[in-house]
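Each chain, written out:
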Amino acid sequence: MSLLSKISLNKPDIALRAYVITPKESAETLVEELVRKGLFEPLPPQEAGKALEIAKKRYELSEKAIGLFRELSSLVKKRVEVEVKELPWDTDKALEKLVADFEELRDIVTRLISESEKLKGKLEKLQALRIVVTELSREGLLDKSLLDYEGVYLASKTLYGGVKDLEYVASRSLKSIFHRALGEEKAVAVVLLEKKVYESNKSLIEKLEVPVRDLVGGEEQLSLHNVDNAIREVEAELSAIENRLEELLESRLYELALLKVLAEVINSELGVLGKALSSKYMAIVVGWTLKSRVSELEKIVGANSGYVVYEGDPNPPVEFNNLKPFKPFEVITEVMGLPSPSEWDPTPLLTYFYLIFFSLMYPDVGYSIGLIIGARLVLPYFVENRETLKRLINIATYAGIVGCITGFLANSFFGSLLGSYIGLVVPKLLPSIPAGLSDPIAMKSAVIGYIALTLILGYYVVLFAHVLGALKNAIAKNKFGFLYEVLTVIIAVLGPAAIQASIGLSTDVWGLLKFLNQKEVIYATILLVIIYAVLRSVFDRPFGAILWLFDVIGILADVLSFVRIAGIALGSAMLAEIFNGLILNVYSSLSGLSFLLGVLVGALISILLHIINLGFSSLSPFIHSLRLVMYELSSKFYEGSGRRISPAATPLLRVKIGTIG
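Residues numbered from 1 in each chain as written. Predicted model: local features only at pLDDT ≥ 70, side-chain atom pairs only at ≥ 80, totals over all residues. Heavy atoms only, no water.

A. Broad picture of the overall build of the chain. Looking only at helices and strands, the chain features 23 helices and nine strands. The C-alpha atoms of the chain give a radius of gyration of 45 Å, which is well past the 26 Å a tight globule of 661 residues would have. Its C-alpha atoms put the chain at 160 × 95 × 40 Å along the principal axes. Here the chain holds 661 residues, and the buried ones make up 44% of them. Entry remark: accessible area of the chain is about 36,100 Å², with carbon and sulfur atoms responsible for 61%. One finds the centroid of the 69 positive side-chain charges in the chain at a distance of 4 Å from the centroid of its 73 negative side-chain charges. (Helix = DSSP H or I, 4+ residues; strand = E, 2+ residues; numbered from the N terminus. Rg over C-alpha atoms; globule rule 2.2 N^0.38 Å. Buried < 20%, exposed > 50% of the residue type's maximum accessible area, 1.4 Å probe, protein only. Areas by Shrake-Rupley, 256 points an atom, 1.4 Å probe, with all protein chains shown as cover. Lys, Arg positive; Asp, Glu negative; His and termini not counted. Charge placed at Lys NZ, Arg CZ, Asp CG, Glu CD.)

Okay, here's the thing in structure tokens:
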């Protein structure tokens with residue numbers, strides 16, 4: 001997986017269904033070791049039994065398909081190479097359908113082959129009869145009754161078959177009227193037999209007999225012309241059957257090749273498993289294992305004389321697969337649900353936005369440092385689970401670090417108490433409350449500036465979320481979802497310009513009115529809203545007629561939701577300045593009595609009051625940053641419909657009970 005994916009929209013670690021094949025005597029020990037090391041999640045017995053039954057049927061189906069391919073491909077006369085360019089998404093259903101189709105085709109082909117073999121046998125006998133008719137005609141002995149006669153005392157028969165069989169019959173005949181070998185194995189003969197000899201050898205003679213009347217018709221006169229006509233009729237019928245057979249096979253060559261490929265895919269996947277299912281000495285344990293840990297699993301199984309067969313699943317469990325810096329923030333994604341195998345894992349992206357939102361609500365160096373220290377001191381009293389505690393402390397640490405950065409940019413270190421000195425080194429780039437709340441104009445400018453900043457941020461975040469939603473629907477080939485998201489993005493781009501053109505608010509963030517006519521922008525925006533409303537109303541019945549309104553207004557509502565960033569940041573900053581004013585008043589009052597007393601008491605009160613403000617202002621940024629990434633950002637492109645693999649990476653305890661002998 002590319003580094004770009006790892007640091008943006010990641011892919012989860014997908015599990016494979018694993019069939020662990022091992023000798024029965026070592027199965028229990030092996031599974032315990034795999035579970036203890038967190039490599040394997042065994043399926044419950046009933047579910048495992050179903051999985052094995054399905055695997056067995058799949059294997060049998062693949063074996064049947066391979067047999068069908070061999071049987072039918074052997075009938076294709078020409079050597080043909082067929083390229084299978086694409087496999088069906090559901091290979092099992094595709095193979096099942098192909099097997100059913102080719103079994104039906106095999107029945108048709110079998111009937112045609114049977115008819116062809118009968119015709120070939122008839123043709124051989126006619127060709128043998130032609131030789132007899134040709135030779136006897138030259139000698140003037142041709143008589144139909146001579147070739148096929150059965151009287152009270154005598155019988156005359158034309159025979160065709162194996163050389164030894166004909167020699168045997170000829171040796172018991174009164175006379176061989178005609179006899180000729182046709183190659184090393186076959187011969188044709190006309191023999192005259194006593195009726196009692198004929199009766200005693202009737203079964204063999206009937207097997208060898210050339211039924212003259214049936215082959216050339218019931219005419220009394222038999223001629224070479226009659227025989228040739230019969231041969232031509234059989235050859236034509238045989239040719240038609242063979243052509244029909246060839247057409248049937250050649251019209252299905254691609255499907256036949258696909259049958260072989262699909263069968264081999266499944267057979268290679270389950271080959272060892274199929275053999276193990278019928279073994280008395282092997283045990284099969286079914287469960288899940290992550291793709292990333294396949295090599296570890298195979299190493300342990302191999303050391304125990306076992307083997308592993310893997311099988312894909314349309315809905316397997318998953319596990320996060322993020323780089324170490326992003327792992328603490330997986331808890332945010334978990335709140336919404338784990339990604340499905342076909343979804344992105346948005347954890348890296350949510351991490352960036354969560355920290356941006358948090359740092360803008362918490363732009364103070366002193367409070368950020370206090371957060372990093374306080375998380376380590378306070379959280380252990382409220383969180384018992386060590387893993388969860390570690391995650392929360394790491395999140396607080398990252399949040400504190402970015403809070404220090406925005407604190408420097410806002411020149412805020414416990415407000416203006418120490419922040420005024422930062423301005424001597426770092427220019428102020430973020431709006432901030434004036435010292436002592438003493439300058440109404442600066443106060444107004446800071447409030448308006450921060451609100452404007454958060455609204456602009458919110459607009460671009462919401463727009464970005466809908467772009468991701470469009471991309472997700474495009475990848476999933478959801479045409480209507482993609483169309484809705486594209487329309488939403490265009491409305492969101494044109495909307496601010498249309499608002500400015502309509503009521504005069506300075507909202508044209510893209511500067512479209514510099515290039516486009518005001519009325520055209522307004523009409524285009526209204527037209528797009530109407531198109532969106534009609535599409536949702538028609539294709540998303542019955543609620544689409546109402547939901548379109550929430551979707552369009554929701555763009556503005558989502559953007560306005562980001563004003564909370566300004567509210568929380570400014571509220572905390574104002575409270576800090578109020579405390580700073582109290583601290584300065586105490587210091588001024590006491591320093592008249594004693595400078596040292598004023599400094600000590602001022603420092604003590606400063607620490608106490610800012611710790612109180614730290615406690616008040618720490619919780620809201622965590623909660624509201626979480627809300628923004630969940631509802632205003634990830635809800636546009638993330639569903640979280642996956643389930644987590646649960647290999648129990650804990651030691652299995654053994655308890656021995658009884659007396660020591």
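After presenting the structure, the write-up continues.
B. Fine view of the sheet that holds strand β3 (residues 148–150). Taken in spatial order, the four strands make up an open sheet running β3-β4-β6-β5, and their pairing is antiparallel. Both outer strands of the open sheet, β3 and β5 (175–182), are each paired with one neighbouring strand and no more. Across the sheet, the mean angle from the axis of one strand to that of its neighbour is 25°, orientation sign disregarded. (Pairing = 2+ DSSP bridges. Axes fitted to C-alpha atoms, helices over the stretch in contact; angles between N-to-C directions.)

C. Quick look at the nonpolar core. With 68 residues, the main nonpolar core has Tyr-19, Leu-95, Leu-147, Val-216, Leu-259 and Leu-273 as its most contacted residues. Take this core: its biggest share by element is 16 residues, from helix α4 (residues 91–139). Among residues more than four places away in sequence, those in contact with Tyr-19 are Ala-51, Leu-52, Ala-55, Leu-273, Ile-284, Val-285, Val-286, Tyr-307, Val-308, Val-309 and Glu-311. (Core = buried A, V, L, I, M, F, W, Y, C linked by side-chain atoms within 4.5 Å. Contact = heavy atoms within 4.5 Å.)

D. Structural view of a nonpolar patch on the surface. The grouping of Phe-480, Tyr-523, Ile-526, Ile-530, Val-534, Val-538 and Phe-539 at the surface amounts to a nonpolar patch, some 670 Å² of accessible area in total. Considering each element in turn, the nonpolar patch owes the most residues, six residues, to helix α20 (residues 518–539). Inspection of the secondary structure puts Phe-480 in helix α19 (residues 479–503). (Patch = residues over 30% accessible without salt bridge, like charges linked within 9 Å, V, L, I, M, F, W, Y side chains within 5 Å. Salt bridge = Lys/Arg side-chain N within 4 Å of Asp/Glu carboxyl O.)

E. Region of interest: the packing of aromatic side chains. Within this structure, the stated rule accounts for 17 aromatic pairs. Arranged with centres 5.9 Å apart and planes meeting at 40°, the rings of Phe-353 and Phe-357 form a pair that is tilted. Of the two residues, Phe-353 and Phe-357 are both situated in helix α14 (residues 347–361); the distance of four residues between them amounts to about one turn of the helix. Neither Phe-353 nor Phe-357 differs from the other in exposure class; each is buried. Between Tyr-367 and Phe-414, the ring centres sit 5.6 Å apart and the planes meet at 75°, which makes this aromatic pair edge-to-face. (Phe/Tyr/Trp six-rings, centres within 6.5 Å; stacked < 30°, edge-to-face > 60°.)

F. Representation of the confidence of the model for the chain. Summarising the model, the chain shows a mean pLDDT of 86, and 93% of its residues fall at 70 or more. By mean pLDDT, the top-scoring element of the chain is α14 (96), and the lowest-scoring one is helix α5 (residues 144–147) (74). (pLDDT = per-residue confidence, 0-100.)

G. Geometry of the pattern of salt bridges. Evaluated as defined, the whole model comprises 26 salt bridges. One salt bridge connects Asp-558 with Lys-636, and the closest N-O pair in it is separated by 3.1 Å. Remark: Lys-636 occurs in the segment after α23 (595–633) and Asp-558 occurs in helix α21 (residues 544–560); sequence separation between them is 78 residues. Both residues of the pair, Asp-558 and Lys-636, count as buried. Several salt bridges converge on common partners, so that one network encompasses Glu-319, Lys-327, Glu-330, Glu-334, Arg-391 and Arg-644.

H. Quick look at the packing of α14 against helix α16 (residues 386–409). Where α14 meets α16, the closest approach of the two axes is 8 Å, and the angle between their N-to-C directions is 55°. Between α14 and α16, the crossing angle belongs to the class labelled oblique. Of the two possible hands of crossing, α14 and α16 adopt the one that is right-handed. For the pair formed by α14 and α16, the contact residues are Tyr-354, Leu-355, Phe-358 and Ser-359 on the first element and Ile-395, Tyr-398, Ala-399, Val-402, Gly-403 and Thr-406 on the second. Of the residues that constitute the contact of α14 with α16, the class distribution is seven nonpolar, three polar and no charged. (Parallel < 35°, antiparallel > 145°, perpendicular 65-115°, else oblique. Left-handed = near helix turned anticlockwise from the far one by under 90°. Nonpolar A, V, L, I, M, F, W, Y, C, P; charged D, E, K, R; others polar.)

I. Up close: the side chain of Asn-201. Tracing the backbone shows Asn-201 in the loop between α7 (195–200) and α8 (202–208). Leave out the neighbours within four places in its chain, and Asn-201 touches Tyr-168 and Arg-172.

J. Spatial organisation of the packing of helix α3 (residues 45–73) against helix α11 (residues 253–277). In the contact formed by α3 and α11, the axes pass within 7 Å of each other and the chain directions differ by 135°. The angle between α3 and α11 places the two elements in the oblique class. Considering the relative orientation of α3 and α11, their crossing is left-handed. Residues of the contact of α3 with α11, tallied by class, amount to 15 nonpolar, five polar and six charged.

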